[in-house]
Amino acid sequence: MAQLSDDCFAFGGPMMSVDDAVALIATRVAPVERTESVSLAEADGRVLAETVMAPMPLPPFTNSAVDGYAVRSADLALAARQTFPVVGRIQAGAAANHILKAAQTVRIFTGAPMPKDADTVFMQEDVRLEDGGVVLPAGLKAGANVRLTGEDIPLGNTALSKGQRLRPQDVALIAALGLTHVTVRARIRVAVFSTGDELVTPGTARGSAQLFDSNRYMLMAMLRRLGCDVGDLGILRDDRASLVQALKSAASGYDLIVTSGGVSTGEEDHVKAAVEGAGSLVLWRMAIKPGRPVAMGIIGGTPLIGLPGNPVASFVTFTYVVRPTVLALSGAFQDRPVPIPVRAAFAYKKKIARREYVRAHIRRGDDGVLEAVKFPREGAGLLSSLVETDGLIELGEHVTEVRHGEVVSFLSYGSLL
Ligand code: AMP
Ligand code: MG
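Residues numbered from 1 in each chain as written. Chains lettered and ligands numbered in written order. Predicted model: local features only at pLDDT ≥ 70, side-chain atom pairs only at ≥ 80, totals over all residues. Heavy atoms only, no water.

## Quick look at the overall build of the chain
Rules: Helix and strand definitions follow DSSP, with helices as H or I runs of at least four residues and strands as E runs of at least two, each counted in order from the N terminus. A radius of gyration in this sense is built from C-alpha atoms; the matching globule rule multiplies 2.2 Å by the number of residues raised to 0.38. Type-normalised accessible area, obtained with a 1.4 Å probe on protein chains alone, sets the label of each residue: buried when under 20%, exposed when over 50%, and partly exposed for intermediate values. Whether two residues are in contact is decided by their heavy atoms: any pair within 4.5 Å suffices. Throughout, the Shrake-Rupley method with a 1.4 Å probe supplies accessible areas, and for residues the shown protein chains are the sole cover considered. Residues scored as positive are Lys and Arg, those scored as negative are Asp and Glu, and His as well as the terminal groups of each chain are ignored. To locate a charge, the coordinates of NZ of Lys, CZ of Arg, CG of Asp or CD of Glu are taken.
Tallying secondary structure elements over the chain gives eight helices and 28 strands in all. Scaling as 2.2 N^0.38, a compact globule of 417 residues should have a C-alpha radius of gyration of about 22 Å, whereas the chain reaches 30 Å, well beyond that. Reported as C-alpha extents along the three principal axes, the dimensions of the chain are approximately 95 × 50 × 45 Å. Every one of the 417 residues in the chain was classed for burial, and the buried ones make up 50%. A separation threshold of at least 6 residues defines the contact pool for the chain, and within that pool the share at least 24 residues apart is 71%. Of the roughly 19000 Å² that the chain leaves accessible, carbon and sulfur atoms contribute 53%. Positive and negative side-chain charges in the chain, numbering 43 and 44 respectively, have mean positions lying 1 Å apart.

If you want it as structure tokens, here you go:
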């Protein structure tokens, strides 16, 4: 079971900045130790548990980058003046046994091995065929259109580093190196609960004052995108004793517990008290909108993150609190999403000293520049505001105002998961 050390109590102030919270999480959460070997077909999205060194160079042999004619660079000076006879033909996959003499050429195809001594290839589009040979244009550089052994990855170099969350291109590299399996960290097991007497599960009867639980399905989907093994633990009632019981039992079987709802300071918000009852509360109230408050706790060594109940607040705080925690527990690099500068097609005022995320869609302005259009309404409960936008505009703690036309930082929803 992953351990979150208790000394992060020291950081639990009344209001914590997003950066402090993320830094705290990244340094205090230890990755799961369980590893497993997975095949190439299962590797996408998994986190490498060991660095992969190249057991062979890539490409493994020097080969032609184009369809054309291979020559020796020593003969390039002759190229403009005489016809080069074609003395052989090498297809991709065939052996290159030809030995070129002065001013001779070999017909060669993309990916075919270069004949001994030949080091330059003329593209077939650039030559003219004549009786008895090809006429080659002047001006080609020695070594043109050839891919050298190891130019992509030299033998023994680091191909992929420990902690990499494997993407399709990473899986391609592993395959190109001839490996069939890689050692990855076990998927972390995450328990997801919703809390609230007003919630019912879709598919069951809904009372007139009840809502269908949407957060649980959103959070489970987000966690699966991050490669977690997710346990759906349903809805907990607003009752401290049953919350304590449920949290304690989840802590023994999971690496992380994520809840939504019940973390405000209202009388019926019991998650904070339940965390204190079942374990210890680490931080509380983050300087983030939409989103404060967020609870983080440790129950029997298992971290717990209590997200706010409003769907938009839950979504935003997930990306800034749960995501770095999941990456840390999974043994993955902390890759902070990279913001893209866009032009604000809106004006906005905000409070100093808290981070804000404004929902926006992106369009191209009349001059072709990308601009962000703010969702017209503010509510943290509006699911349509997430569905109809492309991402979040990040406004730093120091910002108090956004003026029309100003450059702002945009984070696409795709980059946040
Ligand atoms: P809370 O954080 O428990 O005070 O909830 C804040 C708001 O979010 C309330 O309007 C809740 O009904 C709503 N809410 C809480 N949990 C969920 C959920 N799982 N799905 C949809 N809405 C929720
Ligand atoms: Mg509630």
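From this point on, the discussion continues.
## What to know about the sheet that holds strand S5 (residues 86–90)
Quick note on the threshold: Strands are labelled as partners when DSSP assigns at least two bridges between them. Axis definition: a line fitted to C-alpha atoms, limited for helices to the stretch in contact. Angles are taken between N-to-C directions and run from 0 to 180 degrees.
With mixed pairing, four strands are arranged side by side in an open sheet as S5-S6-S4-S7. At either end of the open sheet lies a strand with only one pairing partner, and these are S5 and strand S7 (120–123). Neighbouring strand axes in the sheet, compared pairwise and without regard to direction, differ in orientation by 30° on average. Relative to strand S6 (residues 105–108), strand S4 (residues 68–71) runs antiparallel, the two sharing three bridges. Pairing of Gly 68 across the sheet is with Ile 108, part of S6.

## Some thoughts on empty space enclosed by the protein
Stated precisely, the cut-off is as follows: Points on a 1 Å grid over protein atoms alone make up a cavity when a 1.4 Å probe fits among them but cannot get out, and a pocket when they form an open set with protein on both sides within 12 Å along at least five of seven lines; lining residues each have an atom within 4 Å of a point. Grid points are joined across faces, edges and corners, and a volume is the space filled by probe spheres set on the points. Residue classes follow a fixed rule: Ala, Val, Leu, Ile, Met, Phe, Trp, Tyr, Cys and Pro count as nonpolar, while Asp, Glu, Lys and Arg count as charged, and any other residue, Gly among them, counts as polar. Residue ranges labeled as domains rest on an automatic or database domain assignment.
Throughout the structure, instances matching the rule amount to three cavities of 30 Å³ or more. Taken together, Gly 45, Arg 46, Val 47, Arg 185, Ala 186, Arg 187, Ile 188, Leu 226, Gly 227, Cys 228, Val 326 and Ser 330 form the lining of the largest cavity. Here the lining of the largest cavity is composed, by residue class, of six nonpolar, three polar and three charged. The two domains that each donate at least three residues to the lining of the largest cavity are domain 1 (18–34 + 187–329) and domain 2 (38–58 + 152–185).

## Concerning unusual backbone geometry
The omega angle of the peptide bond from Leu 58 to Pro 59 is -10°, so this bond is cis rather than trans. By the secondary structure assignment, Pro 59 is in the loop between strand S2 (52–53) and strand S3 (63–64). Between Lys 289 and Pro 290 the backbone carries a cis peptide bond, its omega angle lying at -5°. Along the chain, the position of Pro 290 falls in the loop between strand S19 (288–289) and strand S20 (295–299).

## A closer look at a negative patch on the surface
Selection rule: Only residues whose relative accessible area exceeds 30% and that form no salt bridge enter a patch; like-charged residues are grouped when within 9 Å of one another, and nonpolar side chains (Val, Leu, Ile, Met, Phe, Trp, Tyr) when within 5 Å. Between Lys or Arg on one side and Asp or Glu on the other, a salt bridge is scored when a side-chain nitrogen of the former is within 4 Å of a carboxyl oxygen of the latter.
On the surface, Asp 197, Glu 198, Asp 239, Glu 267 and Glu 268 cluster together into a negatively charged patch. For Asp 239, the position within the fold is in the loop between strand S16 (229–236) and helix H4 (240–253). Here Asp 239 falls in the partly exposed class, since its relative accessible area comes to 36%.

## Side note on the domain arrangement of the chain
We count it as follows: When two parts are put together, the accessible area they lose, computed with a 1.4 Å probe and summed over both, is reported as buried area.
Taken domain by domain, the chain comprises domain 1 (18–34 + 187–329), domain 2 (38–58 + 152–185), domain 3 (63–147) and domain 4 (340–416). With centres defined by C-alpha atoms, the gap from domain 1 to domain 4 works out at 26 Å. Residue-level contacts link 17 residues of domain 1 with 22 residues of domain 4. Summed over the three residues of domain 1 that lose the most area to domain 4, namely Lys 289, Val 312 and Tyr 320, the buried surface amounts to 38% of that side. The interface formed by domain 1 and domain 4 includes two salt bridges. Ionic pairing is found between Glu 378 and Lys 289, a salt bridge with its closest N-O pair at 3.7 Å.

## Description of the nonpolar core
Test applied: Residues belong to one nonpolar core when they are buried, are Ala, Val, Leu, Ile, Met, Phe, Trp, Tyr or Cys, and are joined through side-chain atoms within 4.5 Å.
Counting 46 residues, the largest nonpolar core has Leu 223 and Phe 318 as its most contacted members. The element contributing the most residues to this core is helix H6 (residues 311–330), with ten residues. Excluding residues that lie within four positions of it along the chain, Leu 223 makes contacts with Val 190, Val 192, Cys 228, Val 230, Phe 318, Val 322 and Val 326. One finds Leu 243, Ile 257, Val 271 and Trp 284 within the second-largest nonpolar core, a separate group that totals 21 residues.

## Some remarks on helix H1 (residues 18–28)
How we decide: The directions from the helix axis to the C-beta atoms are what the arc is built from.
Three or more residues of H1 are buried, namely Val 18, Ala 21, Val 22, Leu 24 and Ile 25. On an axial view of H1, the arc spanned by its buried residues comes to 160°, and they lie on one face.

## A look at the site of ligand 1
Counted only if it meets this: Being near a molecule or strand, for a residue, means having at least one of its heavy atoms within 4 Å of it. Whenever a nitrogen or oxygen atom comes within 3.5 Å of another N or O atom, the pair is scored as a polar contact, on the condition that within protein one atom can donate a hydrogen and the other can accept it, and that pairs from neighbouring residues in sequence are kept only if both atoms are in side chains. To qualify as sitting in a cavity or pocket, a molecule needs more than half of its atoms within 2 Å of the grid points.
Neighbouring residues of ligand 1: 13 residues in total, closest Glu 198, Asp 213, Ser 214, Gly 262 and Gly 309. The contact in question runs from a nitrogen atom of ligand 1 to an N or O atom on the side chain of Asp 213, over 2.7 Å. Between ligand 1 and Gly 262, the relevant distance is 2.8 Å, taken from an oxygen atom to a main-chain nitrogen or oxygen of the residue. Burial of ligand 1 by the protein chains amounts to 77% of its free accessible area of 480 Å². According to the grid-proximity analysis, the pocket containing ligand 1 is the largest pocket.

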